[in-house]
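So the chains spell out like this:
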Amino acid sequence: TNERVFNFSAGPSTLPVEVLEKAAAEMLNYDGTGESVMEMSHRSAEYKQIIEDAEKNLRTLMNIPDDYYVLFLQGGGTLQFSMVPINLLTGSKKADYLITGNWAKKAYEEATKFGDVKILASSEEDNYSYIPKFKPEDIRPDVDYVHICYNNTIFGTHCNEVPDVGDHLLVADMSSCILSEEVDVTKFGLIYAGAQKNVAPAGVTIVIVRKDLVGKAPANTPVYLDYATHAKKGSMYNTPPCYPIYIAGEVFKYLLKNGGVKATHERDVEKANLLYGYLDKSEMFKPSVAKEDRSLMNITFVTGDPELDKKFIAGAKEQGMINLAGYRTVGGMRASTYNAMPLEGVEALVAYMEKFENENK
Ligand code: PMP
């Protein structure tokens, strides 16, 4: 095809066309330097500007206070499953984890290697179809932190408010929802997010961490795994993921130009309402998760007949709508409607769903 498809992938996922066009235009010669950002020394003045602007613009977008570091790291969300316990299990060495999906469970399993880590609540037995409730009293009183996954990419659930953890330190994986809603960063000790959904191509992971939490990792911590290493050097201790940080910076500029996180959220709500609205009235397609915990970013649904699901997904592909299959262990459908998915993409999807439903009654 010569046309761009509507890519509903859960990540890596669609990026704003305007950003891709700018990157293409700058590919061979970035800002008169005669070289591409891919080829540029990370110690050059030009690159220093790129990474500093990226941090500054992310701080503006998310209203990140000065007592938090913003780090650009490698290793994906997965490395944070290890770095969080290594760096934060420094008091009682206890942490409680809310199990809301595969990624939350992976984070928990990794953390059990480093301390006394328990499950606070879980919806695993109900196929993670809702966010389990808990009370601050359910948290062990002396935990070093509580870990949640704010948006569950695979199942399509989302914490529609910040869970009440009392005075405890809250850590959140925001890989699949960062920059899709306004969050009060001060309610969190640490937020992390892989970039490959709302921010950039895969390769950079954002960590936003309160400064007083950094610098307490055990002495035998591998240098890369200690947040202090990166905090002291402005994410430049070693070669950073230069190109993904550059694209992230361009996405941040794009978001600022288009009304910031508030306006982005409004567009995300409009898209999600369109699709959920159809799912709520359809006789064929059923939403997979509890209404009050619905994600704006990953919208999951089924027909109830795996063969019909397959036919739907194949037909969508022919219409230029790709990656609508649910996660490999879950089945059904998942439409990821990240920030960069245009409204037209969701309109086209709903129109196709209506047509498919009529034709396959
Ligand atoms: N957390 C969440 C919520 C995710 O969706 C993913 C991957 N899609 C991960 C963590 C793992 O991230 P990575 O592949 O970057 O290690």
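Along each chain, residue indices are assigned from 1 in the same order as the chain's sequence is written. In keeping with the model being predicted, local features are shown solely for residues with a pLDDT of at least 70 and side-chain atom pairs are shown and tallied solely at 80 or more, while totals for entire chains, interfaces and linings include all residues.

Under an unreviewed UniProt entry, the name given to the protein is Phosphoserine aminotransferase, and the organism recorded is Mogibacterium diversum.

## Some remarks on the UniProt feature "domain: Aminotransferase class V" (unreviewed entry) in the protein
Note the threshold: UniProt positions are given in the numbering used here, feature names are shortened, and annotations may be inferred rather than shown by experiment. Every helix listed is a DSSP run of H or I at least four residues long, and every strand listed is a run of E at least two residues long, numbered separately from the N terminus.
Here the UniProt feature "domain: Aminotransferase class V" (unreviewed entry) sits at residues 5–349. Span residues 5–349 is 33% helix and 17% strand, its end C-alpha atoms 12 Å apart.

## Looking at the packing of helix α2 (residues 45–62) against helix α6 (residues 242–257)
For clarity, the cut-off: Here, axes are lines fitted to C-alpha atoms. For helices the fit covers the stretch in contact, and angles between N-to-C directions go from 0 to 180 degrees. Small angles under 35 degrees read as roughly parallel and large ones over 145 as roughly antiparallel, with 65 to 115 read as roughly perpendicular and the rest as oblique. By definition, any crossing whose near helix is turned counterclockwise from its far helix by less than a right angle is left-handed, and any crossing with a clockwise turn is right-handed. By the convention adopted here, residues are in contact when the distance between their C-beta atoms, placed from the backbone, does not exceed 7 Å.
Contact geometry of α2 with α6 gives a least axis separation of 9 Å together with a crossing angle of 45°. Between α2 and α6, the angle falls in the class oblique. For the pair α2 and α6, the sense of crossing is left-handed. Residues Tyr47, Ile50, Ile51, Asp53, Ala54, Asn57, Leu58, Thr60 and Leu61 of α2 form the contact with α6, whose own contacting residues are Cys242, Ile245, Tyr246, Ala248, Gly249, Phe252, Lys253, Leu255 and Leu256.

## Things to note about the site of the ligand
Note the following rule: To decide whether a residue is near a molecule or strand, its C-beta atom is placed from the backbone and checked for lying within 6 Å of it.
In the region of the ligand, the neighbouring residues are Gly11, Gly76, Gly77, Thr78, Trp103, Cys149, Thr153, Asp173, Ser175, Ser176 and Gly194. Per element, the largest residue contribution to the shell around the ligand is three residues, and it comes from helix α3 (residues 76–88).

## Examining the domain arrangement of the protein
Spelled out, the test is: Throughout, the edges of the domains are those of an automatic or database domain assignment.
Per the domain assignment, the segments of the protein are domain 1 (18–257) and domain 2 (260–359). Taken residue by residue, the interface counts 23 residues in domain 1 and 23 residues in domain 2. Elements with a contribution of two residues or more to the side of domain 1 that touches domain 2: α2, β7 (157–158) and α6.

## Side note on α3
Here is the rule: Expected span, for any helix, means 1.5 Å times one less than how many residues it has. The bend reported for a residue corresponds to the angle between axes fitted to the seven residues ending at that residue and the seven starting there. Whether a residue is buried, exposed or partly exposed is read from the other C-beta atoms within 10 Å of its own C-beta, which are placed from the backbone; 20 or more gives buried, 12 or fewer gives exposed, and intermediate counts give partly exposed.
In this model α3 runs 18 Å from its N-terminal to its C-terminal C-alpha over 13 residues, within 8% of the 18 Å that 1.5 Å per residue would give. Bending of α3 peaks at approximately 25° at the position of serine 82, with proline proline 85 no more than four residues after it. For α3, the full list of buried residues reads Gly77, Gln80, Phe81, Met83, Val84, Pro85, Ile86, Asn87 and Leu88.

## Describing the nonpolar core
Rules: Buried Ala, Val, Leu, Ile, Met, Phe, Trp, Tyr and Cys residues form a nonpolar core when they are connected through C-beta atoms within 7 Å.
One finds Tyr97, Leu190, Ile206, Val207, Val209, Ala248 and Val251 to be the most contacted residues of the largest nonpolar core, which totals 94 residues. Split by domain, this core shows at least three residues from each of two domains, domain 1 (18–257) and domain 2 (260–359).

## Considering the UniProt feature "modified residue: N6-(pyridoxal phosphate)lysine" (unreviewed entry) in the protein
Here the UniProt feature "modified residue: N6-(pyridoxal phosphate)lysine" (unreviewed entry) sits at Lys197. With respect to the helices and strands, the residue lysine 197 is situated in the loop between β9 (190–194) and β10 (205–210). On the basis of neighbour counts, which here come to 30 C-beta atoms within 10 Å, the residue lysine 197 falls in the buried class. If we skip the residues at most four places from it in the chain, lysine 197 touches Gly11, Ser13, Ser175, Ser176 and Tyr338.

## Thoughts on the sheet that holds strand β11 (residues 286–287)
The following threshold applies: When DSSP finds at least two bridges between two strands, those strands are taken to pair.
Strands sit in the order β11-β12-β14 across an open sheet of three strands; the sheet is antiparallel. Lying at the two open borders of the sheet, with one neighbouring strand each, are β11 and β14 (333–336). As paired elements, β11 and strand β12 (residues 298–302) share two bridges and run antiparallel to each other. Directly across from proline 287, in β12, lies its bridge partner phenylalanine 301. Strand contacts of helix α7 (residues 260–281): β11, β12 and β14, with the helix running at about 15° to β12, the strand carrying the most contacts.

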